[in-house]
Protein chains: 2
Amino acid sequence: MKDKKRVYLFGDGKAEGNAKMKELLGGKGANLCEMNLIGVPVPPGFIITTEVCTEYNALGKEKVKKLIEAEVKNAVSVIEKSMGKKFNDLKNPLLLSVRSGSRVSMPGMMDTVLNLGLNDKTVEALAKKSGNERFAWDSYRRFIQMYGDVVMGMKPKSKEEHDPFEEILDEMKKSRKAKNDTELSVKDLKELVTKFKAMVKKRLKKDFPTDPWEQLYGAVYAVFESWMNDRAVYYRKLNGYPEEWGTAVSVQAMVFGNMGMTSATGVCFSRDAATGENIFNGEYLVNAQGEDVVAGIRTPLEITLEGSKRWAKLQGVDEKRRKKEFPSLEEVMPELYKILNETQKKLEKHYKDMQDMEFTIEDNKLWMLQTRNGKRTGASQVRIAMEMLKEKMIDEKTALMRVEPKKLDELLHPIFTTEALKKAKVITKGLPASPGAATGQIVFFAEDADKWSKDKKQVILVRIETSPEDLRGMHVSQGILTARGGMTSHAAVVARGMGKCCVSGAGNIAVDYKARTLTIGKKTYKEGDFISLNGSTGDVYEGKLATEDPKLSGDFAALMKLCDKHTKLGVRTNADTPKDSAVARSFGAQGIGLCRTEHMFFEGDRITPMREMILATDEAGRRKALAKLLPIQRKDFEGIFEAMKGLPVTVRLLDPPLHEFVPAEKKNQEELAKMLKIPAKQVAQRVDSLHEVNPMLGHRGCRLGITYPEITEMQTRAIIEAALNLKKKNIKACVEIMIPLIGTVTEFENQEKIIRDTAEKVFKEKKDKVDYLVGTMIEIPRACLIADQIAAKAEFFSFGTNDLTQMTFGYSRDDAGKFLPTYTDTKILPADPFQTIDQNGVGQLVEMAATKGKKARKTLKLGICGEHGGDPDSVVFCHKVGLTYVSCSPYRVPIARLAAAQAAIK
Amino acid sequence: MKDKKRVYLFGDGKAEGNAKMKELLGGKGANLCEMNLIGVPVPPGFIITTEVCTEYNALGKEKVKKLIEAEVKNAVSVIEKSMGKKFNDLKNPLLLSVRSGSRVSMPGMMDTVLNLGLNDKTVEALAKKSGNERFAWDSYRRFIQMYGDVVMGMKPKSKEEHDPFEEILDEMKKSRKAKNDTELSVKDLKELVTKFKAMVKKRLKKDFPTDPWEQLYGAVYAVFESWMNDRAVYYRKLNGYPEEWGTAVSVQAMVFGNMGMTSATGVCFSRDAATGENIFNGEYLVNAQGEDVVAGIRTPLEITLEGSKRWAKLQGVDEKRRKKEFPSLEEVMPELYKILNETQKKLEKHYKDMQDMEFTIEDNKLWMLQTRNGKRTGASQVRIAMEMLKEKMIDEKTALMRVEPKKLDELLHPIFTTEALKKAKVITKGLPASPGAATGQIVFFAEDADKWSKDKKQVILVRIETSPEDLRGMHVSQGILTARGGMTSHAAVVARGMGKCCVSGAGNIAVDYKARTLTIGKKTYKEGDFISLNGSTGDVYEGKLATEDPKLSGDFAALMKLCDKHTKLGVRTNADTPKDSAVARSFGAQGIGLCRTEHMFFEGDRITPMREMILATDEAGRRKALAKLLPIQRKDFEGIFEAMKGLPVTVRLLDPPLHEFVPAEKKNQEELAKMLKIPAKQVAQRVDSLHEVNPMLGHRGCRLGITYPEITEMQTRAIIEAALNLKKKNIKACVEIMIPLIGTVTEFENQEKIIRDTAEKVFKEKKDKVDYLVGTMIEIPRACLIADQIAAKAEFFSFGTNDLTQMTFGYSRDDAGKFLPTYTDTKILPADPFQTIDQNGVGQLVEMAATKGKKARKTLKLGICGEHGGDPDSVVFCHKVGLTYVSCSPYRVPIARLAAAQAAIK
């Protein structure tokens, strides 16, 4: 054991490791080595390997210290030589940083300890050497605080107490009437150090370590121990990471950007993170610490001259003033800027991705402290990926993998301007039900939305929950906000279909329809007040926020084209109107995977014959009303089939429980009674009789078609007649009739017979034929269990994973808001199963059904038409299980196409 | 093919077949042979084999006729010789009966054709020979009607028309002002024959066949064809019977009991079908046809002298009058009685079961027309089985198999007296939710039930549906009638637990709470009116009906003892109170499989702290209220553990959604607010916030314990403290703590940790320990899919097949009433899956979970505690799947024990 190498050195352009040694050195350590190897200046340091972590857990402190002591000592002396400073020196003391680093980043692991090596003596030396007493003592009190917290485990005593160090600090600031730490004097800081140490002694019954070596080993052990703390253990378990991986420890020389006017610090990006433009950019501060750039106490300046000029133009600052007050690094330190610019180019070229870098200039010397692949907006992801592809920096597959599918959302919907967001005040948060940005005046009723929008007002419809009666009002609103209902509630599903912004289930808003107010906490908003919604994050803002429409660039089109080149899985859309169908086609949908016929019944006056049908007391009455609906539906289908021009269209027969079509409110019931010339009491009674305790598990889906076969007959006739009419016009309709909510093969047989008989009848009448398929939605657990039996009859399956998730988990999507947040917060569930398919449970059923189905019928088409069809992780699952296609709302089609391509590449 | 034997003869004590040849001769044919072989006089006849049926379907009429013609001709001549009559004879014509008979009885198959061989000529001969012209012509018109219907396929023309023959008959009766057929004259009958034949000619464009041979072959072919009709095909498919089985045809000589005073006819039983008493009994009529005994036109008389005397005593008829007007067969035809008595003894001995027989005496000769195992009451089944066992007629296993488990219900609950039922008027029908008979005055509110019962009135609580608030009212009522809700609705489940009669989901009753009326069709019943309920059939009667308590005989106890000797599956009970526990123990329950803790919260004033807990706005408030519930629950558990004396008790933690505990009505909310000294609006808001769209899939089960861990803590503490308290008294408590509604292993881990931590805490406090298990209810489809993961943590599984069925099918038990009847009527479902477990779907999940669970933990206990635990078919399934025990409501324990024993024997 003694012979094994346990400590890896790096610095001065040399390194004992490299980027490929993440398992041994951790991700951070491996990259520190790599930067050295490619000649980027990095403060020298060393890495204690992940293997030592395992030894630590097996052997304990003392034994491990013996194993690494010599190597550590040697490593520190190498750093000392490199930096020309000495650890624990009373003239020019070397300070160190200690960080953890396993092969993947992991919550719960120890944070950074900076300024390690300070004590009552070295602090004086630092003060002298830097000529900045305040800097030295502030670094010292920060060190005690950081070390005390993360290494010594100083915890709040009770729930009432905050961090014990912060309490002392707050007290001090209060007595000094200081708002910021920076207003404290050197004397104050010295007093703080004394008080901090006293507190440590009092709480832990031991002194704060003054020996830098003891400090160093303490920090190293703390890193190892954090590998075994509850949060890390839990996280590993959740992700299936083995304990044996262990964590490495990186120790580096501290460098300071606040050592005078020849020092600086900053962050920079190799390309524009917002737009993706290939332009170097970033901010810096002279004589400052990294924290200062972020904290906003001083305004950081632009690094490049070009950036500085752009900034000045936006801010209305003239060139003279700019040059004087806001000069760029390029102007202030032209030589160092040149080195920095070369370094960023080198790093991007080496890592073949846009880099997000931190640097410090200590006394005219540039040190890179960190480089990593930069986070960026969706637009930026697309542009950078496609431009790097053109630059031949990366290949097609890499370009595809560089764009996060979910981020495409940002490109397809209005967004708030960056300026607007800076000033915005978040007043509450709901579920990000349908993406986009919306701003408008609050209205509480669909009729008002209609009226106000006719007066050219932009409105946000705020409801406790929406119902089909609100459809028209939703259509004219900028966005929808609901207090109840999940990601697949009525509001959410309809809004996504419309491509309209929606925040649903904002649990802590109180809507008072009578008073026409919306209350959040103690603040009440009235009808007419402005609010704004971010449907991509769930944020709700006060007031009017400026929005802008994103423009679909050529890069986007090129990306989509690239997707189709690499994909195996088809992408269809869920669409109920010719308009939606056209939108989806424009996004590249290869057909309609779910056409919900019931949505057609709400538009305009169609609801009246639908209600007449529901209120009829016998079959004859129902048939009479259905006869009125027939030509309407036929025309709808003609429009959709025409829009899809020969691409397959899966039409689902009537699915929702009938109560959704009848008015719930007395006033509306009375109006309806008048219109149908029947007693109001009869309407009320029928509505009452339609009430269900659990409508989700009630009289709906094929259960309707079985109890009222005439509905299935009418719908089949409308579909088949529409297809025949188009055939006359030489337009091919590729029809797939889908029976919803099948749980037994006998249900399927019952409905299939009605469909086939009706189709044959129409063929005879019209003396012509069209091909069509009859298949079913697989959305009930039982259907998965007997999928072989069903597939013997059905020509296709389409997984309705919304309902399947509801029934497999026993979660009502409308009610789960009461416990799902707790579940995802406490990791009882890794994710909301309505957003990302639960592969372990629901996925097992899908896979079982796919396998059984394929066994019984080799040609079985398999699709998915739940909301999961537009979720990237779920698309990957669908690819793995071998589905034929996924289907999602029109605006999610590009996302699904990209996810599908990525799945194929993986 | 020509050489094969296709026709089997029987008669005169000889037969070419026997009882074992059911596959070739059908059940009926085989038994006709058998009776001959054991010397019982049976009208001679022959059987055309099932193989001929298959040939018929392959070859058609003509070819089959050639194959059987010679054998049939020969067979008829044998019958002719035996009977001394001749087929198609003009002096003494032989008439035949033709019946179908496959190896199992099957709906849709052809009925009987009697009197075959009659035409305009033979009818005259029959009239002459019998000296009874009316008899001859009535037989003839019946023959045409029967033959026309079943052989020639005369069907009603439209929905408005009834049977076309009946229409003519009704017209004739109307014009003759005759109420009964018997009032028609010979002339009328002759005219009917003419009209019937004309109708056949008009409808079918062919004459009614006059040639007896043509009639015979027509009937035979009709039997074969009925094998392929839709109903029979469907039934076979449903039961998995192959088409190849085919049906046989039995042809027999007709005999007549109405040929004068030396003729008679009757039905008889070898033991008493109602009580099981070992006494020969039955009824007869001199000079009558079989139909007359059944039709009730003449009052049939007792066969035995003893029976006749008993009857006279009951009717208050003195011996003199009895002898004259109502003599027994034993007195009237002593010689023939003796033969009959010997015959019945012989048949019972031969078939080793109680026989239900039909006989005809034609001119002083006894013919047995049929014998079969007799249908009997539950009490009779038990007595006969146990007495035959004592008589060594049958062995233990056979005795056990002779009792239908479901019939035991009759022995355990009050029943209506036979006299009461004779006069009873059924006014509607609901679901047989909880067995028993109840009679009382209608009340509509639980409070009234309470008040009225205090005034010594017997009441029936009539509700649209019940809620936990009605518990006390249900308790004091004789029975419960609800308009909504299925077999597992609140009313049904609670009533079964109480052993109280309940008819639920009587869909066509209208309850008007305001008017306090119950309307069925056009009739309205008021509060205070008497109605009666039969919870075993679902019948609702008008008025007061006498009931009687069944007495549990020694035979019952002996049967139960026998069960345990042969059973492998344990039987536990679902019980929530010491009283229920004691009842269940007395019925032989081996533990409690499901103790629903929530029921405890409703009794008395306990609901108040429960509501206080729900209304609390923070954890501290909830803990305060829970502290009040703790001593109450602890005491409850002590009572239950004590009652079960060391038998295992599975306690389920709080399961139902919280809204079930809070008052829904405004008035009650206000009262509660007053009691808790909080604003009424706060109560209303909280109740409103608890509202759920699909409560079944909402915030309940372990989801409560996870969001409010303090509830789990309190319940665990109550359980463990109760067990420790009993330990001090030297009473062992065998505790199994069950976490409800587990869908993920993380949920289980979360709750298990709270339970184990709390238990450890209590152990420390009390300085003592008890053993306990922690397991879970498996009632969510996902739990079955990941059962291996769960079993790695859980010590037992209890299948909650009610909820599992709801979620696997996607049926809400409270709403399925809207389509389930259609589903079971049209055989889309073979049975209500809430009554009998769906082996194909839900069963697949149960089996999967059992297998996966056992794999992960060999010692895993497996139980079932859904309502299926008391359903015999489901018990058989549980046995097959290898469960450890079933658990059911106390009154179902004997049923489950018997079903379990039968499952082991099978």
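Rules of the game
- Residues numbered from 1 in each chain as written.
- Chains lettered and ligands numbered in written order.
- Predicted model: local features only at pLDDT ≥ 70, side-chain atom pairs only at ≥ 80, totals over all residues.
- Heavy atoms only, no water.
- Helix = DSSP H or I, 4+ residues; strand = E, 2+ residues; numbered from the N terminus.
- Contact = heavy atoms within 4.5 Å.
- Areas by Shrake-Rupley, 256 points an atom, 1.4 Å probe, with all protein chains shown as cover.
- Lys, Arg positive; Asp, Glu negative; His and termini not counted.
- Charge placed at Lys NZ, Arg CZ, Asp CG, Glu CD.
- Least-squares fit on C-alpha atoms with pLDDT ≥ 70 in both.
- Buried < 20%, exposed > 50% of the residue type's maximum accessible area, 1.4 Å probe, protein only.
- Axes fitted to C-alpha atoms, helices over the stretch in contact; angles between N-to-C directions.
- Parallel < 35°, antiparallel > 145°, perpendicular 65-115°, else oblique.
- Left-handed = near helix turned anticlockwise from the far one by under 90°.
- Nonpolar A, V, L, I, M, F, W, Y, C, P; charged D, E, K, R; others polar.
- Expected span 1.5 Å × (residues − 1).
- pLDDT = per-residue confidence, 0-100.

Participant: Before we move on, can you summarise the overall build of chain A with the specific residues and values?
Facilitator: When helices and strands are counted, chain A shows 37 helices and 34 strands. When the backbone C-alpha atoms are referred to their principal axes, chain A occupies close to 105 × 60 × 55 Å. Taking the intrachain contacts of chain A between residues at least 6 apart in sequence as the baseline, contacts between residues at least 24 apart amount to 68%. For chain A, the accessible area works out to roughly 38500 Å², and carbon and sulfur atoms hold 51% of it. Averaging the positions of the 143 positive and the 123 negative side-chain charges in chain A gives two centres separated by 1 Å.

Participant: Tell me about the relation of the copies chain A and chain B, and please be specific about residues and values.
Facilitator: Overlaying chain A with chain B gives an RMSD of 0.2 Å, the required rotation being 179° about an axis along which the chain moves by 0.1 Å. Seen this way, the second copy is the image of the first under a two-fold rotation axis. Ranked by how close their C-alpha atoms come to the rotation axis, the residues of chain A are headed by N694(A), at 2.1 Å. Comparing interface residues between copies, 100% of those in chain A also sit at the interface in chain B, which points to an isologous, same-surface contact.

Participant: Describe the side chain of S477(B), listing the residues and the values that go with them.
Facilitator: Residue and element names in this part refer to chain B. In this fold, S477 is placed in the loop between α20 (471-476) and β19 (479-482). For S477, a relative accessible area of 1% translates into the label buried. Not counting residues up to four positions away in its chain, the partners in contact with S477 are A449, V459, L461 and K500.

Participant: Please provide a residue-by-residue account of the packing of helix α29 (residues 709-728) of chain A against helix α30 (residues 745-766) of chain A, values included.
Facilitator: Residues and elements named next belong to chain A. Here α29 crosses α30 at 45°, and the two axes come no closer than 9 Å. Relative to α30, α29 is oriented oblique. As for how α29 packs across α30, the hand of that crossing is right-handed. Across the interface between the two elements, P709, T712, E713, T716, R717, I720, E721 and L724 of α29 pack against Q751, I754, I755, T758, A759, K761, V762, F763, E765 and K766 of α30.

Participant: Quick one: what's the story with the packing of helix α5 (residues 133-150) of chain B against helix α6 (residues 164-175) of chain B, residue by residue and with numbers?
Facilitator: Residue and element names in this part refer to chain B. Contact geometry for α5 and α6: axes closest at 9 Å, N-to-C directions at 150°. Between α5 and α6, the angle is such that the two are roughly antiparallel. Together, R141, I144, Q145, G148 and D149 of α5 and F165, E166 and L169 of α6 make up the contact between the two elements. Residues of the contact of α5 with α6, tallied by class, amount to 3 nonpolar, 2 polar and 3 charged.

Participant: Give me helix α6 (residues 164-175) of chain A: which residues, what numbers.
Facilitator: All names here are of chain A. Helix length check: α6, at 12 residues, gives a terminal C-alpha distance of 17 Å against a target of 16 Å (1.5 Å per residue), a fit within 8%. If you check which residues of α6 are buried, you get P164, F165, I168, L169, M172 and K173. In the core, the buried residues of α6 are packed alongside α5 (133-150) and α7 (186-204). K177, located one to two residues past α6, shows a positive phi value of around 50°.

Participant: A description of the confidence of the model for chain A should follow, citing residues and the corresponding values.
Facilitator: For chain A, the average pLDDT comes to 91, and 97% of its residues sit at 70 or higher. If you check the scores for this complex, the pTM reads 0.79 and the ipTM reads 0.79.

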